[in-house]
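These are the residues of each chain, in order.
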Amino acid sequence: MSIKLIATDLDGTLMAPDHLTVTKRTYDTLKKAHDKGIKIAVATGRPMALIDNVINQVPFVDYVIYSNGSCVFDRNDEKVIHADLIEDKLAREIVEYFLTQNIFFEIYINGRSCYQLGTEKLFQNMGLPQKFLDEVAQTMDGYESLLDFMKNDGKGMEKITFYGISDEKYEKVKAKLEGYGLEACSSLPGTIEATSKTANKGSALLGICENMGITSDEVMSFGDAGNDCPMLDFAKYSFAMENGTDECKAHAEFVTKSNGEDGVAVAVEKYAL
């Protein structure tokens, strides 16, 4: 088989269970693949501002798919090559509604996380390591009026993410988001993420392939959660992590070891190297 592109999710997949570390084995394996001529893409629900720690550890990454596929950044040409945003007027309508719902959420605009000051008291941690949350907090921008900021920016929203969602609330919030015409999914327990209906990691990966002039038959993809499913559906060689959800495994051709056992490296060594 001839692999020309490896695309991997971050949290729960490429990153160790602390959400912060790329292990030496994983680094060495991806570096060997890159030296062989295989392009590397990371695909995440994170905003661009929360990628620096990853890139510092894996500096040879070629593409960053961020905000669940709303945008793709080409690191070699240093430019955004794909953007599929929630239109500004609709985004403000959505934010205005959820500001009345006693729930913490953040929105991604221009590659950064933004939130309404005062709503942080509503945040509920449902299992994320505190050290990772501390890093996340450093990349978030709080505004006295999130709506005023959005009105002045006027460029549209990449993604909206809700935290502390109980099982009872999940379907209600998801249905409301879908009622606005958005695509809603989850990447971590207790979260819901929504983007434009056509924005996902799979469509972003297609854009990269078109840019490279390759097909899905030449792509490996890795993921662990619902927001990774479109990317797994797209690539011929798709791998769910052993620690992944049942939904994710159902969309993958293969299951590799967990992120705590260097599952990405195991599969790349076997199938690409």
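Residues numbered from 1 in each chain as written. Predicted model: local features only at pLDDT ≥ 70, side-chain atom pairs only at ≥ 80, totals over all residues. Heavy atoms only, no water.

Draft legend 1. Inspection of the pairing of strand S2 (residues 39-43) at higher detail. Burial within S2 is extensive, with four of its five residues counted as buried. As defined by bridge partners, strand S1 (residues 5-9) adjoins S2 across five bridges and the pair is classed as parallel. Its bridge partner being in S2, Ile6 is matched across the sheet by Ile40. Strand direction decides the pairing type here: S2 and strand S3 (residues 63-66), joined by three bridges, are parallel. (Buried < 20%, exposed > 50% of the residue type's maximum accessible area, 1.4 Å probe, protein only. Helix = DSSP H or I, 4+ residues; strand = E, 2+ residues; numbered from the N terminus. Pairing = 2+ DSSP bridges.)

Draft legend 2. Local environment of the side chain of Ser70. Following the sequence through the fold, Ser70 ends up in the loop between S3 and strand S4 (71-74). A polar side-chain atom of Ser70 sits 2.7 Å from the main-chain carbonyl oxygen of Glu158. Sequence-distant contacts of Ser70, defined by excluding residues within four places in its chain, comprise His82, Ala83, Asp84, Leu85, Glu158, Thr195 and Ala199. (Polar contact = N/O pair within 3.5 Å; in protein donor to acceptor, adjacent residues only side chain to side chain. Contact = heavy atoms within 4.5 Å.)

Draft legend 3. Highlighting the pairing of strand S11 (residues 192-196). Counting buried residues along S11, five of its five residues qualify, which places the element largely inside the surrounding structure. Bridge analysis of strand S9 (residues 159-162) against S11 gives three bridges, and the strand direction is antiparallel. From the neighbouring strand, Thr161 faces S11, where its bridge partner is Glu193. Sheet topology places strand S10 (residues 182-185) next to S11; four bridges connect them, and they run antiparallel.

Draft legend 4. Here's a closer look at the sheet that holds S9. Across the sheet, which stays open at both edges, the six strands sit in the order S8-S7-S6-S9-S11-S10 with mixed pairing between neighbours. Strands with a single pairing partner mark the edges of an open sheet, and in this sheet they are strand S8 (140-143) and S10. Averaged over all adjacent pairs, the angle separating strand axes in this sheet is 25 degrees, with direction ignored. (Axes fitted to C-alpha atoms, helices over the stretch in contact; angles between N-to-C directions.)

Draft legend 5. Up close: unusual backbone geometry. We note that Asn102 has phi near 55 degrees; this positive angle belongs to a residue other than glycine. Positionally, Asn102 belongs in the loop between helix H4 (88-98) and strand S6 (105-109).

Draft legend 6. Quick look at helix H6 (residues 146-153). Looking only at H6, the buried set comprises Leu146, Phe149, Met150 and Asp153. Along H6, the residues classed as buried sweep out an arc of 95 degrees about the axis, all on the same side. Turned more than 90 degrees from where H6 packs its buried face, Lys151 and Asn152 sit exposed. Against the buried residues of H6 lie H4, S6, strand S7 (112-116) and S8. One or two residues past the end of H6 sits Gly154, with phi positive at roughly 65 degrees. (Arc of directions from axis to C-beta.)

Draft legend 7. How the structure looks around the packing of aromatic side chains. Under the counting rule described, the total for this entry stands at 12 aromatic pairs. On the basis of an interplanar angle of 80 degrees and a centroid distance of 4.9 Å, the ring pair of Tyr97 and Phe98 is categorised as edge-to-face. Residue Tyr97 is classed as partly exposed on the basis of its relative accessible area, which comes to 26%. With 5.0 Å between their ring centres and 20 degrees between their planes, Phe222 and Phe239 make a pair best called stacked. One end of the pair, Phe222, is in strand S12 (residues 219-223); the other, Phe239, is in strand S13 (residues 237-241), and 17 residues separate them in sequence. The class of Phe239 is buried, set by a relative accessible area of 1%. These aromatic residues form a ring-pair network of at least three members: Tyr97, Phe98, Phe105 and Phe162. Directly above the aromatic system of Tyr97 lies the positively charged group of Lys176, at a separation of 4.3 Å from the ring centroid. (Phe/Tyr/Trp six-rings, centres within 6.5 Å; stacked < 30°, edge-to-face > 60°. Lys NZ or Arg CZ within 6 Å of the ring centre and 35° of its normal.)

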